[in-house]
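# A structural walkthrough
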Amino acid sequence: MAELLAKPGNPSSLHASGRLSRRHVEEARETVARVLGARAGEVVFTAGGTEADNIGLKGLAWSERELNPAKRRVVVSAVEHHAILDPAEWLNESDEFELTLIEVDEFGQVTPEALRKALGDDPSDVAVVSVMLANNEVGTVNDIAALTAVTREFGIRFHTDAVQAPAWLAVKFSDLGVCAMTVSGHKVGGPHGVGALIISRDCNVTPLVHGGGQERDVRSGTLDTPAIVALAKALEIVEQRRSQEVARVSALRDQLVSRVQEIAPDATYNGHRDDRLANNAHFTFPGCLGDSLLMLLDAQGVECSVGSACSAGVPQPSHVLLAMGASANDARSTLRFTLGYSSTQADVDALIDALPSVLERGRRAGMPKS
Amino acid sequence: MKVLAALSGGVDSAVAAARAADAGHDVTAVHLALSRNPQSHRTGARGCCTIEDSNDAFRAADMIGAPFYVWDLSAEFQEKVIEDFISEYSQGRTPNPCLRCNESIKFEAVLERAMALGFDAVVTGHYAQVIHGPNGAELHRAIDPDKDQSYVLGVMTAEQISHSMFPLGNSTKTEVRAEAEARGILVAQKPDSHDICFIPDGDTAGWLARQIDTEPGDVIDAETGNKVGTHKGAQAFTVGQRRGLALGNPTGDGERRYVVDVDVKQNIVMIGPPTLLDINVIEAVNPRWSGPLPVNGQDIEVQVRAHGESLPATVEVTADGVVITLKDFLRGVAAGQAAVMYEGTRVIGSATISRSRRVS
Ligand SMILES: Cc1ncc(COP(=O)(O)O)c(C=O)c1O
């Protein structure tokens, strides 16, 4: 890695260091493909999950629309990450497309029935469906193969945001029945700012950014070789350690959940009990503002998250919780604890030690008056 | 002490927080998000709470070494400040939204939450001084008379003052800018914000016209009772105002005419010569006391607008408020403005002006 950083060759150049760089990229592509159950030619490197999601959604929508102007609907789940939700809303506002949101159940899961309902009586106008593999807030995992079985009936293209998945689930692209799938470096222990869109060979995608056409003419821009190599390495490590870590971390998580519920019997454990990422514990603490709890825990060295921060860093009630049927107040009273490969028993103990006084303070500070 | 510094993204609050940290306090920073749909940039000195402001606040907190959070108070701000502003105007009064924000947001919602979360005090970049005297914490004017903001803090109760820190009260703005520069705070040259933060283009009348249903009505000469023109809606007028009347010289005597009274119920704007605006008795309601109440007949000074003069007066505390008798006449006092009472540099309290009159 240090060597790569010291000798930055442009993988598109034809001279020796360019060729070396190119080799590293292609080896990385093969690794990424192998770990994710895809073919090397299907891997398009991007500058992160957000870019891959944007290409996956807009690129598929536009290319479908080009082939058939009647296809003017995009259908995405109500609990998608903003990297899908915002481009979907942007398409909706553009007049070119209409957006239909797929409802989720109380666990934040998309069922085949809910997908059918969103597709409606006449799905022939649907250009693309996007449903995430695993939710980044409540950790709920969707059965993507069951959903693509529905869209296949109508020949509708499917994209899935799998950013949260590879660290905890064995993802096999070729089994999902999707056209395109997003992954991101920093959610598998790799660097920020690098990701990939896996695009099935028979899927056309209209590029968003035009230029040198470095990545299959779908994505332009000189590749960041060290970041790509690191992404591949991270996926390799994940592949080796996953089954062991899933067992270890889910046991820690289950312990965390039962200890939190002992301290706060009124807390709700959100998300699906079983179809869930091994590292996610998500709670509603009634009468406490999630922001207050986060601040108090942060002061004690315990890092956790509330929903997802919007562009201004203004904490908003989580759209995921709202879609799951929570009230606006409950949606602001949530806290997410995520564990990782490096989490230990001591981390869980530190949280459990800090929590009683934090909750007491948080309750005293209460909810905003309005 | 464990203190919570409110960082707006401007120079003053950043230097205030830095000084609190230098003084040995354990500083945590919050940026108050007051607008639900923040704009990305501030244009000139107007508007507030943009994404840029939030970033600037984050950078300042980082330089001070304070953990930084954003608190969403947009719902409270909408209800307690913006809606109050509209409602006051629609009843023909002239409110001061900054004062309302200090009263119900900064030193109520934020301070209460801070106390509950275990903080001892809130730090802001206001120019005012908290002096701990024998009667507890007192609020005093800042030493820089051009920047003094004790007027908009006049709504603070003694309890709130005792949990507030204003580290800039003993400095001039020039000193604060120089200090920001020396500390490497990037916003050192950012323009001061003024005007009303939620009306970014500065056009208050236009903004109000979009919020309040207005109808054209008569402009009446207060001396003759004659109709001398029409207006687009009485709510947009404030006693003492001359601009926007568009009457030319209605009486032909070459004397300027001012708004001397606004009657929203009848949708009438009364105009008259400036002498009609001269009043010397102010009645005000909903008093908030910053310390012990004044004794009846006590000599005080009173200020009725943010950058107004301090005027000698006496005060009587009545059942529903205060009656303030000025030593000299004062021109153009509108209902809704706050009368802040001082004893020397100390704030005694404030009350909302309900009526003013002239007694000879
Ligand atoms: C589900 C999901 N999708 C997309 C993204 C965006 O990925 P990136 O941060 O690489 O742009 C994230 C990032 O946190 C995510 O959790």
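Residues numbered from 1 in each chain as written. Chains lettered and ligands numbered in written order. Predicted model: local features only at pLDDT ≥ 70, side-chain atom pairs only at ≥ 80, totals over all residues. Heavy atoms only, no water.

### Structural notes on the pattern of salt bridges
Residues and elements named next belong to chain B. All told, the structure shown has 36 salt bridges over all chains when counted by the stated rule. Here Arg357 ties to Glu283 by a salt bridge, and the two come within 2.8 Å at their closest N and O atoms. Placement of the pair is Arg357 in strand S17 (residues 346-357) and Glu283 in strand S12 (residues 278-289), with a sequence separation of 74 residues. (Salt bridge = Lys/Arg side-chain N within 4 Å of Asp/Glu carboxyl O. Helix = DSSP H or I, 4+ residues; strand = E, 2+ residues; numbered from the N terminus.)

### Re the packing of helix H1 (residues 11-22) of chain B against helix H7 (residues 173-183) of chain B
All names here are of chain B. Between H1 and H7, the shortest axis-to-axis distance is 10 Å and the interhelical angle comes to 70°. Accordingly, the angle class assigned to the pair H1 and H7 is roughly perpendicular. Note on element contacts: H7 touches H1 through Lys173, Val176, Arg177, Glu179, Ala180 and Arg183, opposite Val11, Asp12, Val15, Ala18, Arg19 and Asp22. Split into classes, the residues belonging to the contact of H1 with H7 amount to 5 nonpolar, no polar and 7 charged. (Axes fitted to C-alpha atoms, helices over the stretch in contact; angles between N-to-C directions. Parallel < 35°, antiparallel > 145°, perpendicular 65-115°, else oblique. Contact = heavy atoms within 4.5 Å. Nonpolar A, V, L, I, M, F, W, Y, C, P; charged D, E, K, R; others polar.)

### Let's talk about the nonpolar core
Counting 135 residues, the largest nonpolar core has Phe45, Val129, Met181, Phe283, Phe285 and Phe337 of chain A together with Trp71 of chain B as its most contacted members. The residues touching Phe337 of chain A, leaving out its near neighbours within four places in the chain, are Leu256, Asn279, Asn280, Ala281, Phe283, Phe285, Leu297, Cys304 and Leu351 of chain A. Ranked by size, the runner-up nonpolar core spans 30 residues in total, among them Val11, Ala17, Ala18 and Ala121 of chain B. (Core = buried A, V, L, I, M, F, W, Y, C linked by side-chain atoms within 4.5 Å. Buried < 20%, exposed > 50% of the residue type's maximum accessible area, 1.4 Å probe, protein only.)

### What to know about the domain arrangement of chain A
Often, the extent of an interface is quoted as the loss of accessible area on bringing the components together. Residue and element names in this part refer to chain A. Structurally, chain A comprises domain 1 (2-236) and domain 2 (242-365). Computed from C-alpha coordinates alone, the two centres of domain 1 and domain 2 are separated by 28 Å. Contacts between the two partners involve 25 residues from domain 1 and, on the opposite side, 26 residues from domain 2. Together domain 1 and domain 2 conceal approximately 2,100 Å² of surface at their shared face, both sides included; 59% is due to carbon and sulfur atoms. For the domain 1 face of the interface with domain 2, the top three residues by lost area are Glu137, Val138 and Trp168, together amounting to 41%. Our count for the contact surface shared by domain 1 and domain 2 stands at 0 salt bridges. Run the count over domain 1 and domain 2 and you get 12 residue pairs in polar contact (both at pLDDT 80 or more). (Domains from an automatic or database assignment. Buried area = accessible area lost by both parts, 1.4 Å probe. Polar contact = N/O pair within 3.5 Å; in protein donor to acceptor, adjacent residues only side chain to side chain.)

### Re the site of the ligand
Residues and elements named next belong to chain A. Lining the immediate environment of the ligand, one finds 13 residues, of which Gly49, Thr50, Asp161, Ser184 and His186 sit closest. At a separation of 2.7 Å, an oxygen atom of the ligand approaches a polar backbone atom of Gly49. Within the side chain of His186, one N or O atom sits 2.8 Å away from an oxygen atom of the ligand. Compared with its free state, where it exposes 390 Å², the ligand has 86% of that area covered by protein. Among the elements that take part in the shell around the ligand, helix H3 (residues 49-67) stands out by supplying 3 residues, more than any other. (Near = heavy atom within 4 Å. Areas by Shrake-Rupley, 256 points an atom, 1.4 Å probe, with all protein chains shown as cover.)

### A word on the packing of helix H5 (residues 112-119) of chain A against helix H6 (residues 144-153) of chain A
Residue and element names in this part refer to chain A. For the pair H5 and H6, the least separation of the axes is 9 Å and the interaxial angle reads 30°. Relative to H6, the element H5 lies roughly parallel. With respect to the hand of their crossing, H5 and H6 are arranged in right-handed fashion. Residues Pro112, Leu115, Arg116 and Leu119 of H5 lie in contact with H6, whose contacting residues are Ala146, Leu147, Val150, Thr151 and Glu153. Across the contact of H5 with H6, the residue classes tally to 6 nonpolar, 1 polar and 2 charged. (Left-handed = near helix turned anticlockwise from the far one by under 90°.)

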